[in-house]
Amino acid sequence: MSAEFPTRIPLLWLLAPFALGIIAGRLFPTEIHPGVYAIAIIFAFVAAAIAKRRVALWVPMLLPATAMTGYVYIVQTDEVFNSSYEYPEREATLTLEISRLYESTHLKTRGIARISDAESHLNHFQDQETYFSVEPVKGETFEETLKIGSVLRARGVLSFLDSPENHQGFSSYLRNSGVATLFSRATVISVETPRSSWNRWLHKLRSLASHTLTLGFTGSESESGPYRAMMLGMKSELTREQGQLFLENGAMHLFAISGLHIGVIAACGHTLFLLVRFPKNWIPIPNIVLIGLFVMMTGGAPSAWRALLMIACYYLCLSSKRQAASLNALVLSALICLIVDPLQLFLAGFQLSYTTVAAILLYGVPMGSVLTKKWAPFTGIPRDQWTLPRDALDKTGRFFINSFAISFAAFIASSAFSIVYFNTVPIFGVFANVIMLPLASLAIISGFLSIAFASLCLSPISILFNNAAHLIIWAMQTCLKAIDQFGYTHIRFSDPSVSILFGLSLSLMVFLCYGYNRAWGFRARWLTLFPVSYTILCLAAGMV
């Protein structure tokens, strides 16, 4: 397999050692001696001074300086964060503003919220995020299910996460998300409106969007659940059976506001501004604003902000008129994310997002390019003499070949993380996503157009697009249920070897970078052996 001439990715010289330094700081924390700061600064200045003179010298100066910076950064971040574990649990009355939801019914709500108000002796917790689980007063139910942006006042028990030395499980996820406290056994005193005008406006916008997506449905809340879950990231709207169906077939990522959603919204917005003849060079500015509004409206999940940052970096790289902006935008966005919050490196979402996109760009796109060149169904007929059916068959073949290459690369990159975080690997996931991704994109486009036309008071057109999306999601569920009929759709693991799986994933990224740098100029048998052997090693590590 050969690809185009590899893209230069200079920021990788900063990202790789910085990330490795963060990993080392988490695995081997020590007290930071002031001399470490001085050494890192000296190395950085020396590297900058000789960068244009002698390449052989600035590389060994820059790499350790960047790695030490990452090490110091994560150690200090962990020290500040772990200081909260000194407090005992206590009863508390808090005002919470919901930012993420994991479950929202008429009987119970749980998720992550910002503490907007607390009792005087708990003022130091104000504006911090907490994981909460609340219920209505005994014998009563919530009149309406709570939504992202809802503000509630509740009384319960405020406690702290497990020991910070525990690096696995849900506690580890919360800790790496910047959450230190648990607010449990809580009873809601009252549900209030958001206090700031901006939050009230976002809450109203979110409610209007949710209502718009129910137009045209007879049993609006139940029938539109998967549609609203996909469009607005409201996973709590999925039934348990629906969630299990998508999870076991490797398609649960379709309900997280992430790269797929932001990419589709960005494409829709870009097209919209082109249609209204907005100056082409200025389109990135209103389009980024539009995407940012969508991200905030859907709760501002970290995966959504990461995807928005990728789009912004992509526009930036395009404006610089450098070669192949995609890879450089990916590396730049990852570096910015880690500079803002080094704890993101240990989040499943960050790891899955960046390794999957990197695998697609480094391996999936070149593989698709090579395979489509071999797709020549009508070699004996000149292209200008093709009939419409022949042209359609050629384009359909190229579409499915590229879709398979991208899905295959994503499957390989996510295999290790799927075993670590979900204890499962979907056997047919690589094939299911070839169908699921295009269908999900169409459903999101339908949702975007539905909300757009509803904002213009054209509800009948919104109903049309809602029913189209409903049909698409029905087709997705039907396909997954058909796959389920085969049995053995996934492999479950009970106690996988986490360290080995992380090592395999890191090795995969190194190999993909090496292969891309070599333009994948290897013999065919090695290219076939590499994905097969990697998958077998992941399965073996999961069973150890």
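Look a little higher up for the structure.
Residues numbered from 1 in each chain as written. Predicted model: local features only at pLDDT ≥ 70, side-chain atom pairs only at ≥ 80, totals over all residues. Heavy atoms only, no water.

Some thoughts on empty space enclosed by the protein
Part 1: By the definition in use, this model includes 1 cavity of 30 Å³ or more.
Part 2: Each pocket or cavity is described by its volume, and for the largest cavity that value is around 30 Å³.
Part 3: Together, A359, Y363, A409, I412, A413, L508, L512 and F530 line the largest cavity.
Part 4: No other element matches the 3 residues that helix α14 (residues 388-422) contributes to the lining of the largest cavity.
Part 5: Considered class by class, the residues forming the lining of the largest cavity number 8 nonpolar, no polar and no charged. (1 Å grid on protein atoms, 1.4 Å probe; cavity = no way out; pocket = protein on both sides within 12 Å on 5 of 7 lines; lining within 4 Å. Points joined across faces, edges and corners; volume = space filled by probe spheres on them. Helix = DSSP H or I, 4+ residues; strand = E, 2+ residues; numbered from the N terminus. Nonpolar A, V, L, I, M, F, W, Y, C, P; charged D, E, K, R; others polar.)

A closer look at the layout of surface pockets
Part 1: Each pocket or cavity is described by its volume, and for the second largest pocket that value is around 610 Å³.
Part 2: In terms of lining residues, the second largest pocket is bounded by 22 residues, among which L290, F448, I451, A452 and S455 are the most central.
Part 3: Elements that contribute at least two residues to the lining of the second largest pocket include exactly α5 (197-212), α9 (259-275), α10 (284-297) and α15 (429-455).
Part 4: Top contributing element to the lining of the second largest pocket by residue count: α15, with 7 residues.
Part 5: Here the residues of the lining of the second largest pocket sort into 18 nonpolar, 4 polar and no charged.

Remarks on the pairing of strand β1 (residues 90-104)
Part 1: The buried count for β1 comes to 12 of 15 residues, which makes it a mostly enclosed element.
Part 2: Relative to strand β4 (residues 151-160), β1 runs antiparallel, the two sharing 8 bridges. Considered in β4, the bridge of E97 is made with V151.
Part 3: As paired elements, β1 and strand β2 (residues 109-118) share 9 bridges and run antiparallel to each other. Bridge pairing links R100 to I112 in β2.
Part 4: Here β1 folds back onto β2 in antiparallel fashion, the turn holding 4 residues. (Buried < 20%, exposed > 50% of the residue type's maximum accessible area, 1.4 Å probe, protein only. Pairing = 2+ DSSP bridges.)

Structural notes on the environment of I381
Part 1: With respect to the secondary-structure elements, I381 resides in the loop between α13 (348-374) and α14.
Part 2: Judged by relative accessible area, which is 25%, I381 ranks as partly exposed.
Part 3: Every residue in contact with I381, bar those within four places of it in the chain, is listed here: W386 and R390. (Contact = heavy atoms within 4.5 Å.)

Topic: a nonpolar patch on the surface
Part 1: A grouping of L272, L275, V276, F278, W282, I285 and V289 is seen on the molecular surface, where their side chains present a nonpolar patch of about 740 Å² in accessible area.
Part 2: Looking at the nonpolar patch, the elements with two or more residues in it are α9 and α10.
Part 3: With respect to the helices and strands, W282 occurs in the loop between α9 and α10.
Part 4: You can call W282 exposed: its relative accessible area is 54%. (Patch = residues over 30% accessible without salt bridge, like charges linked within 9 Å, V, L, I, M, F, W, Y side chains within 5 Å. Areas by Shrake-Rupley, 256 points an atom, 1.4 Å probe, with all protein chains shown as cover. Salt bridge = Lys/Arg side-chain N within 4 Å of Asp/Glu carboxyl O.)

Considerations on helix α8 (residues 240-248)
Part 1: Three or more residues of α8 are buried, namely Q242, G243, L245, F246 and E248.
Part 2: Of the surrounding elements, those touching the buried residues of α8 are α7 (225-232), β6 (424-426), α16 (459-484) and β7 (490-492).
Part 3: In the stretch just after α8, G250 is the one whose phi turns positive, near 70°.

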